[in-house]
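# Commentary on secondary and tertiary structure
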Amino acid sequence: MKKIALTLAAIGLATAAQAQTYPQRPITMIVPFAAGGPTDVIARIVGDHMSRTLGQQIVIENVAGAGGTTGITRAAQAQADGYTIMMGHMGTHGAAPALYPNLKYDPTKDFAPIGLAAGTPIVIVAKKDFPANDLKGFVDYMKTNGEKVNMAHAGVGSVSHMTGIFFNAVVKTKPTMVAYRGTGPALNDLMANTVDYMTDQIVNVAPQIQGGNIKAFAIATAERSPALPNLPTTKEAGLDGFEVSAWNAVFAPKGTSPEIAKKLSDALVKALDDESTRKRLLDLGGVIPSGAERSPEALQKLVESEVARWTPVLKAAGATAE
Ligand code: MLT
């Protein structure tokens, strides 16, 4: 008995020592979509400042596929030693359970929540050649020609997919859905006029809207975005029933020590208080989480409420990955 007690004490001491000196080497942050998309951009912005606080490089690894669930599954199964973390979002940690009956993780149980990184209002965007110049014209066109239109998304369960499904259900249209490994590559095709529209996170599309390279019809939030002050809300533009904003958040695998999780959470909060980091996110239309929204406990509650919220919505829309 004494031997077991001594062993446990030794393990406890070793774990505490590990947390004390953490991090001793670079940290991998898995982004479950292609480089250049909204989740990747947010990960690199906050990761950049977190690296400085932690004194070790946060290395972004893009692991795309299956609406983000491939990368999150990989991250969920990684060693819970603080050296693999991930950027998840409303799709991977909200919609996925409704869409993937055989999902290999439970967003509400299989992670150590670190903190919310950014809110990302959804914007309805289209290629420049699209035959509509405002939301009313777009909706009218979609109601009569939907089956001839291609909607881009980042895989079943991604934010662009779930909000696209939501939009299509409100407008009562059935476009052809074109899957990409992220909305970064999808945006390239939108700018090349080879795909027609998508509902995407503002941090991805804001620069191209400001540059006049794609059309934007409305933002799906109650208030306009300071980053796109001339873009009407869906309500202002005459469309009721389509208001949605996504979010991106940092998670670690379940079993990550509380001391290590706290170091990561504190570094994320410092990033969100850093002026230049805030400016980079705000300029892209990102929404900085308030103090109360930043805790791991708040993120855990958000995940639980989002899984509960999106499951009936997506099942009602008949969406499934399998
Ligand atoms: C991305 O980073 O490509 C997006 O978050 C994908 C999505 O969820 O639409």
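These numbers were taken from a predicted model, which means no experiment stands behind them.

About the criteria used
- Residues numbered from 1 in each chain as written.
- Predicted model: local features only at pLDDT ≥ 70, side-chain atom pairs only at ≥ 80, totals over all residues.
- Heavy atoms only, no water.
- Helix = DSSP H or I, 4+ residues; strand = E, 2+ residues; numbered from the N terminus.
- Rg over C-alpha atoms; globule rule 2.2 N^0.38 Å.
- Buried < 20%, exposed > 50% of the residue type's maximum accessible area, 1.4 Å probe, protein only.
- Contact = heavy atoms within 4.5 Å.
- Areas by Shrake-Rupley, 256 points an atom, 1.4 Å probe, with all protein chains shown as cover.
- Lys, Arg positive; Asp, Glu negative; His and termini not counted.
- Charge placed at Lys NZ, Arg CZ, Asp CG, Glu CD.
- Near = heavy atom within 4 Å.
- Polar contact = N/O pair within 3.5 Å; in protein donor to acceptor, adjacent residues only side chain to side chain.
- 1 Å grid on protein atoms, 1.4 Å probe; cavity = no way out; pocket = protein on both sides within 12 Å on 5 of 7 lines; lining within 4 Å.
- Sits in = over half its atoms within 2 Å of the grid points.
- Nonpolar A, V, L, I, M, F, W, Y, C, P; charged D, E, K, R; others polar.
- Domains from an automatic or database assignment.
- Phe/Tyr/Trp six-rings, centres within 6.5 Å; stacked < 30°, edge-to-face > 60°.
- Pairing = 2+ DSSP bridges.
- Points joined across faces, edges and corners; volume = space filled by probe spheres on them.
- Buried area = accessible area lost by both parts, 1.4 Å probe.
- Salt bridge = Lys/Arg side-chain N within 4 Å of Asp/Glu carboxyl O.

Moving on: the overall build of the chain. A count of helices and strands for the chain gives 11 helices and 9 strands. In terms of C-alpha radius of gyration, the chain reaches 20 Å, essentially the compact-globule figure of 20 Å for 322 residues. Taken over the C-alpha atoms alone, the chain extends approximately 75 × 40 × 30 Å along its principal axes. Buried residues in the chain amount to 55% of all 322 residues. Partitioning the contacts of the chain with sequence separation of at least 6, the portion at a separation of at least 24 is 78%. When the accessible surface of the chain is split by element, carbon and sulfur atoms take 56% of a total near 13,500 Å². Of note, the chain has its 30 positive side-chain charges centred 4 Å away from the centre of its 28 negative side-chain charges.

With that settled, the discussion passes to the site of the ligand. Taken together, F33, G37, P38, T39, H89, A154, S158, V159, S160, G182, T183 and Q201 are the residues near the ligand. P38 is positioned such that a nitrogen or oxygen atom in its backbone is 3.4 Å from an oxygen atom of the ligand. S160 is positioned with one of its side-chain polar atoms (N or O) 2.6 Å from an oxygen atom of the ligand. Here the ligand has 270 Å² of accessible area as a free molecule, and 100% of this is covered by the chains. Among the cavities detected, the one that contains the ligand is the largest cavity. Only α2 (38-54) and α6 (159-171) provide two or more residues apiece to the shell around the ligand. Class assignment for the residues of the shell around the ligand results in 4 nonpolar, 8 polar and no charged. Each of domain 1 (2-119 + 247-316) and domain 2 (121-219) contributes no fewer than three residues to the shell around the ligand.

This paragraph deals with the packing of aromatic side chains. Per the stated rule, a full pass over the model turns up 13 aromatic pairs. Ring centres of Y105 and F111 lie 5.5 Å apart, and the angle between their planes is 80°; on these two criteria the pair is classed as edge-to-face. Overall, Y105 belongs to the buried group, its relative accessible area being 4%. On the accessibility criterion, F111 (7% relative accessible area) is buried.

Taking burial as the measure, the 5 residues of strand β7 (residues 197-201) include 5 buried ones, the bulk of the element. Sheet analysis places strand β4 (residues 111-126) next to β7, joined by 5 bridges and oriented antiparallel. Within β7, the residue paired with V125 across the bridge is M198.

Enumeration over the complete set of coordinates arrives at 1 cavity of 30 Å³ or more. Looking at the largest cavity, its volume works out to about 80 Å³. Forming the boundary of the largest cavity are 15 residues, of which F33, P38, T39, T183 and Q201 lie nearest the centre. Of all the secondary-structure elements, those providing two or more residues to the lining of the largest cavity are α2, α6 and β7. Among the elements that make up the lining of the largest cavity, the one with the highest residue count is α2 (3 residues). Considered class by class, the residues forming the lining of the largest cavity number 5 nonpolar, 8 polar and 2 charged.

Many analyses report the size of an interface as the accessible area lost when the parts associate. For the chain, the assigned domains are domain 1 (2-119 + 247-316) and domain 2 (121-219). The interface is formed by 27 residues belonging to domain 1 together with 25 residues belonging to domain 2. Of the roughly 1,800 Å² buried between domain 1 and domain 2, counting both surfaces, carbon and sulfur atoms make up 71%. At the boundary of domain 1 with domain 2, the tally comes to 0 salt bridges. Viewed at the interface, domain 2 and domain 1 are joined by 4 residue pairs in polar contact (both at pLDDT 80 or more). No other element matches the 4 residues that helix α4 (residues 91-99) contributes to the side of domain 1 that touches domain 2. By residue class, the composition of the side of domain 1 that touches domain 2 is 15 nonpolar, 11 polar and 1 charged.

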